[in-house]
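Listed below are the residues making up each chain.
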Amino acid sequence: MRVPAGDVTLVKKPLKVASSAVDPQVRDRVSEMLSTIERDGMDAVRRYSRELDDWDPASFVVTADDAERATRGLDPKLRDSIDFAIEQVAGFAARQLATLTDFEAETLPGVVLGQRQIPLAHVGAYAPAGRVPMLASPFMTVKVPKVAGVDRVVACTPPRAGQGVHAPTLYSLTASGADAVYCLGGVQAVAAMAFGLLDDAGPVDKLVGPGNAFVAEAKRQLYGRVGIDMIAGPSEVAVIADDSADPELVAADLLGQAEHGPTSPAALVTTSRAMADAVIAEIDRQLGDLAKVGGAEVPGAAWRDYGFVLLAADHDDAVRLSDLLAAEHLEVHTDRDDWYLKNLRNYGSLFVGQRATVAFSDKAIGTNHVLPTANAGRYTGGLSVASFLKTVTWQRIDTDEGIRAIAPHVVTISQADLMPAHEATAAKRLERLDRD
């Protein structure tokens, strides 16, 4: 998410420009690792795990006993919250699934066309467990494909400080329905899933889930060999606010997403200079509060370096500016929220009204939190149950009348295309009708 070019009024400028370019050193290192793993298989996976994560167990498989111990040792309150969130995500995915239907229709006499929704067979989910574990990631990347009807979902999650799987993450994965879990992280995990090295089930059809720059680059390089959810950059948030907004909530929501990382852009688009000044002052105050609990460093750096405030001339201009940003997460705090819902076009997910906040969706509300970044909201939405289905078409011609309706046009177009073999497939069918 970058500051729009052209005639814009900046109340606060970012100190740095967000970039989606891949670091050449990351690109080259990932390419080398993928080539080595493809050549040497699990021997290379194990070497990289030992080298990068200080993790070299007898087996990377997380057993049912491991999962049971993790469940027993989990705070019941946390377990209940995870279960609640999974239920919400599954419910929303089921509602999405109900809108994606098979159909067939007779479009011309004797010509029947149809559509089928076919679930993918095998999905690989990466569940991070680093500085912030992201316990909700499995809800989005394991539970949703299971709702879609995917046969097999395997998951990899890295060891925590060389000590094995993170227990809350493991519970989140198993409760979400993962068919197999492996304590394996980084490029080596993504490659093992893509190359089919983990078990006899073979390569996954699609890789999903967030990760660091190396994981993201591995997915980018593997795209085409397998499907991926998206090429994700740093998390983003934008808030549209007018005079009716509460600056304390606006500031909190900007800092909430900036907490994801020091390069996470946060933007305020406001029709009010007074609101702009109030939110900037409130952010400074809240960073002071966060500093008292050791939580200011990351969001403070992100706001200082990548945060910005745009002053819009009016509500129409606010929509224009927001659509240029195409933010991953977009909140609307105004006295005309429904109008914005109808008029906004480019975003990953929209949060309408000050009662809604990105953290609700990140953790538990039910919509998917794997969303497009780096302006990709212009052309795609986020992960959904549809991401794990193939919409395929079929056709059948039941009558000679159907051939007569279609074939002459195919002959004419094929002649114009200088494709005689195509022309013949249609012409020969017409000839048979004439002979009969």
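Residues numbered from 1 in each chain as written. Predicted model: local features only at pLDDT ≥ 70, side-chain atom pairs only at ≥ 80, totals over all residues. Heavy atoms only, no water.

### Concerning the pairing of strand β10 (residues 266-270)
Okay, so step 1: Along β10, 5 of the 5 residues are buried, which leaves the element largely enclosed by surrounding structure.
Okay, so step 2: Here β10 shows no split at all, with Ala 266, Leu 268 and Thr 270 on one side and Ala 267 and Val 269 on the other all buried.
Okay, so step 3: Relative to β10, strand β9 (residues 237-241) runs parallel, the two sharing 5 bridges. Across the sheet, Ala 241 pairs through a bridge with Thr 270, a residue of β10. (Buried < 20%, exposed > 50% of the residue type's maximum accessible area, 1.4 Å probe, protein only. Helix = DSSP H or I, 4+ residues; strand = E, 2+ residues; numbered from the N terminus. Pairing = 2+ DSSP bridges.)

### Digging into the layout of surface pockets
Any empty space left between atoms is shown by rolling a water-sized probe over those atoms.
Okay, so step 1: Computed from the structure, the second largest pocket encloses a volume of approximately 240 Å³.
Okay, so step 2: In this structure, the second largest pocket is lined by 15 residues; those nearest its centre are Gly 256, Glu 259, His 260, Asp 362 and Lys 363.
Okay, so step 3: Breaking the lining of the second largest pocket down by element, the ones donating at least two residues are α9 (247-258) and α14 (358-363).
Okay, so step 4: Grouping the amino acids of the lining of the second largest pocket by side-chain chemistry returns 7 nonpolar, 4 polar and 4 charged. (1 Å grid on protein atoms, 1.4 Å probe; cavity = no way out; pocket = protein on both sides within 12 Å on 5 of 7 lines; lining within 4 Å. Points joined across faces, edges and corners; volume = space filled by probe spheres on them. Nonpolar A, V, L, I, M, F, W, Y, C, P; charged D, E, K, R; others polar.)

### Focus: the sheet that holds strand β13 (residues 349-352)
Okay, so step 1: A sheet is described by the order of its strands in space; here 6 strands give the open sequence β1-β11-β10-β9-β12-β13, paired in mixed fashion. Strands at the two margins of the open sheet, each flanked by one partner only, are β1 (9-12) and β13. Pairs of neighbouring strands in the sheet enclose a mean axial angle of 20 degrees, with direction left out of account.
Okay, so step 2: Both β10 and strand β11 (residues 308-311) contribute to a ladder of 4 bridges, which runs parallel. Looking across to β11, one finds that Leu 268 is bridged to Val 309.
Okay, so step 3: Here helix α11 (residues 297-306) sits on the sheet in contact with β1, β10 and β11, set at roughly 45 degrees to β11. (Axes fitted to C-alpha atoms, helices over the stretch in contact; angles between N-to-C directions. Contact = heavy atoms within 4.5 Å.)

### A look at the sheet that holds strand β14 (residues 389-397)
Okay, so step 1: Within the open sheet, the 3 strands sit side by side as β2-β3-β14. Their pairing is antiparallel. Two strands lie at the open edges of the sheet, namely β2 (103-108) and β14, each paired on one side alone. Taken over all neighbouring pairs, the strand axes of this sheet differ in orientation by 20 degrees on average, direction set aside.
Okay, so step 2: Sheet topology places β2 next to strand β3 (residues 111-119); 5 bridges connect them, and they run antiparallel. Opposite Glu 106, over in β3, you have Val 112 as the bridge partner.

### Looking at unusual backbone geometry
Okay, so step 1: Phi at Met 134 is positive, roughly 60 degrees, even though this residue is not glycine.
Okay, so step 2: As for its placement among the helices and strands, Met 134 is situated in the loop between β4 (122-126) and α5 (137-148).
Okay, so step 3: Here Leu 418, not a glycine, exhibits a phi torsion of approximately 60 degrees, which is positive.
Okay, so step 4: By the secondary structure assignment, Leu 418 is in the loop between α15 (400-416) and α16 (420-435).
Okay, so step 5: Judged by its relative accessible area of 74%, Leu 418 falls in the exposed class.

### Some thoughts on the packing of α15 against α16
Okay, so step 1: With their axes 8 Å apart at the nearest point, α15 and α16 run at an angle of 145 degrees to one another. Like other packed secondary-structure pairs, α15 and α16 cross with a definite hand, here left-handed. Where α15 abuts α16, its residues Asp 400, Ile 403, Arg 404, Ala 407, Pro 408, Val 410, Val 411, Ser 414 and Gln 415 lie against His 422, Glu 423, Ala 426, Ala 427, Arg 429, Leu 430 and Leu 433. (Left-handed = near helix turned anticlockwise from the far one by under 90°.)

In short, shape yes, function no, at least from these values alone.
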